[in-house]
Amino acid sequence: MTSLNSYNIRVATAQDEPFLWDMLYESLYVPDGAEPFSRDILNEPFMRKYVEGWGRESDLGYIATNGEGKPMGSITLRYFDEANKGFGYVSDEIPELGMALLPESRGQGIGTALMTALLQGAKSRGISRLSLSVAPENTAAVKLYRRFGFQEVGVFGTSITMVADVV
C-alpha cells in the first residue's frame, strides 16, 4: 500500500466489484446541465463487460481510499477481443483502461496517483501498451491522459480512442 497525502492506493480485488460498478457509472461523462444516465445502463452487455466477474487473472486495477479506508476512485485494465470490443478497443493484445473518481475526490492528484500505480503494475506484468476511450469534452481527463503519453488513434461514436506506450 502506498501512502500519498491523505489517501492510499491499493490493488483492486474481487471484493471491490460493487465499488467498481459505482465507478463504472461515474465514468460515464455527462456534460454540465445534461441529464445523467439511468443506472440501468449498467445492465447493458456493452457496459457489464467492464466490471462483471472482476478479479480474473488478466484483470489489473487499483483503488484509492481515504484515511478511513473509504474508496474514492478506481483505475482498471481489462482485455477485450475482436468479438467483444470495449469502447477503447484497439487489439486483443492491448488492455483497455477505465478510470473514475467520486466527484468530491477530483482535483486532488488522486487520478495522477492511480495512473502512476497502474502504469507500474502494467509494466511489471510486461504490458507494453494501453488503450482507453474518453469523451473529448471531458477536458480534465483528456489532459491527464495526454500527460501520461496517451495519443488519439481514432473515434468510436462520440468518444476518442487513445493509446499510450507503457514506459
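Preceding block: the structure.
An account of the accompanying structure is given in this report. (Residues numbered from 1 in each chain as written. Predicted model: local features only at pLDDT ≥ 70, side-chain atom pairs only at ≥ 80, totals over all residues. Heavy atoms only, no water.)

Scanning the protein chain from N- to C-terminus turns up 4 helices and 8 strands. Moving toward the C terminus, one meets the helices and strands of the protein chain in the order β-β-α-α-β-β-β-α-β-α-β-β. Against the 2.2 N^0.38 benchmark of 15 Å for 167 residues, the protein chain shows a C-alpha radius of gyration of 15 Å, consistent with a compact globule. Along the three orthogonal principal directions, the C-alpha set of the protein chain runs to about 40 × 40 × 30 Å. (Helix = DSSP H or I, 4+ residues; strand = E, 2+ residues; numbered from the N terminus. Rg over C-alpha atoms; globule rule 2.2 N^0.38 Å.)

Counting across every chain of the model gives 8 salt bridges. Across the pair Glu52 and Arg48 runs a salt bridge, and its minimum N-O distance is 2.6 Å. Residue Glu52 is classed as partly exposed on the basis of its relative accessible area of 40%. Ionic contacts of the salt-bridge type, sharing partners, join the residues Arg56, Asp59 and Arg78 into one network. (Salt bridge = Lys/Arg side-chain N within 4 Å of Asp/Glu carboxyl O. Buried < 20%, exposed > 50% of the residue type's maximum accessible area, 1.4 Å probe, protein only.)

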